[in-house]
Amino acid sequence: MSTPAPGPSVLFVCVHNAGRSQMAAAFLTHLAGDKVEVRSAGSAPADTVNPAVVEAMKEVGVDISAETPKVLTVEAVQASDVVITMGCGDTCPVFPGKRYLDWQLDDPAGQGVASVRPIRDEIERRIRGLLTELDG
């Protein structure tokens, strides 16, 4: 008999799962600890996480260098309470009873660290807001 996660589960989705969704998942894991189950995935995952994203996250003390992009599955969506797409027009299976959010964010693909920083900071701001909602 498996025990359910103690709190809500959140899935972050973007096409390549190499930038925005990785940063969001890392911030939520970093800030919520084990209070929230965190997943991230992409419909067409890249081979590796964007190096500029890894570097930008390292600057704020969050190491995502060991992360790898994962493919989006129907099971991941079904297992999540909140599904957040990252402004990339991803098609995501829709199930009743789930909360869906779409965060319009610039794509860090092909950008240097200087361009990734404001995206990272906006994601952190939104994650802090999400945590407040989840705790409420």
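Relevant structure appears above.
Basis of the calculations
Residues numbered from 1 in each chain as written. Predicted model: local features only at pLDDT ≥ 70, side-chain atom pairs only at ≥ 80, totals over all residues. Heavy atoms only, no water. Helix = DSSP H or I, 4+ residues; strand = E, 2+ residues; numbered from the N terminus. Expected span 1.5 Å × (residues − 1). Buried < 20%, exposed > 50% of the residue type's maximum accessible area, 1.4 Å probe, protein only. Axes fitted to C-alpha atoms, helices over the stretch in contact; angles between N-to-C directions. Parallel < 35°, antiparallel > 145°, perpendicular 65-115°, else oblique. Left-handed = near helix turned anticlockwise from the far one by under 90°. Contact = heavy atoms within 4.5 Å. Nonpolar A, V, L, I, M, F, W, Y, C, P; charged D, E, K, R; others polar. Salt bridge = Lys/Arg side-chain N within 4 Å of Asp/Glu carboxyl O. Phe/Tyr/Trp six-rings, centres within 6.5 Å; stacked < 30°, edge-to-face > 60°. Pairing = 2+ DSSP bridges.

This brings us to helix H1 (residues 20-32). The end-to-end C-alpha separation of H1 is 18 Å, in line with the 18 Å expected for 13 residues at 1.5 Å each. Buried residues of H1: Arg20, Ser21, Gln22, Met23, Ala24, Ala25, Ala26, Phe27, Leu28 and Ala32, and no others.

Once that is clear, we can look at the packing of H1 against helix H4 (residues 113-135). Pairs of packed helices are described in terms of their axes, by the angle between the two and the distance that separates them. Running from N to C, H1 and H4 cross one another at 45 degrees; their axes reach a closest spacing of 9 Å. The pairing of H1 with H4 is recorded here as oblique in orientation. As for the relative orientation of H1 and H4, their crossing is right-handed in sense. Contacts between H1 and H4 involve Arg20, Met23, Ala24, Phe27, Leu28, Leu31 and Ala32 on the former and, on the latter, Val116, Ile119, Arg120, Ile123, Glu124, Ile127, Arg128, Leu130 and Leu131. Looking at the contact of H1 with H4 residue by residue, the class counts come to 12 nonpolar, no polar and 4 charged.

Turning to the pattern of salt bridges, a few remarks are in order. Under the counting rule described, the total for this entry stands at 10 salt bridges. A salt bridge links Glu67 to Lys70; its shortest N-O distance comes to 3.9 Å. Using a relative accessible area of 35% as the deciding quantity, one classes Lys70 as partly exposed. Here Glu133 ties to Arg99 by a salt bridge, and the two come within 2.5 Å at their closest N and O atoms. In this pair, Glu133 is assigned in helix H4 and Arg99 in strand E4 (residues 99-102), connecting sequence segments 34 residues apart. Salt bridges sharing partners connect three or more residues here, namely Glu59, Arg117, Arg120 and Asp121.

On to the packing of aromatic side chains. Going through the model one piece at a time under the given rule, you end up with 1 aromatic pair. Judged by centre distance (6.2 Å) and plane angle (55 degrees), the ring pair of Phe12 and Trp103 falls under tilted. Of this pair, Phe12 sits in strand E1 (residues 9-13) while Trp103 sits in the loop between E4 and H4; the two residues are 91 residues apart in sequence, bridging distant segments of the chain. A relative accessible area of 0% means that Phe12 is categorised as buried.

Time to look at the sheet that holds E1. Read from one edge to the other, the open sheet built from 4 strands follows the order E2-E1-E3-E4, with strand pairing classed as parallel. The open sheet has two edge strands with one neighbour each: strand E2 (37-41) and E4. Neighbour-to-neighbour, the strand axes of the sheet open up by a mean angle of 20 degrees, direction not taken into account. Together, E1 and E2 form the strand contacts of H1, whose direction differs from that of E2 by roughly 170 degrees. Here H4 sits on the sheet and contacts E1, strand E3 (82-85) and E4; the angle it forms with E1, its principal contact strand, is near 150 degrees.

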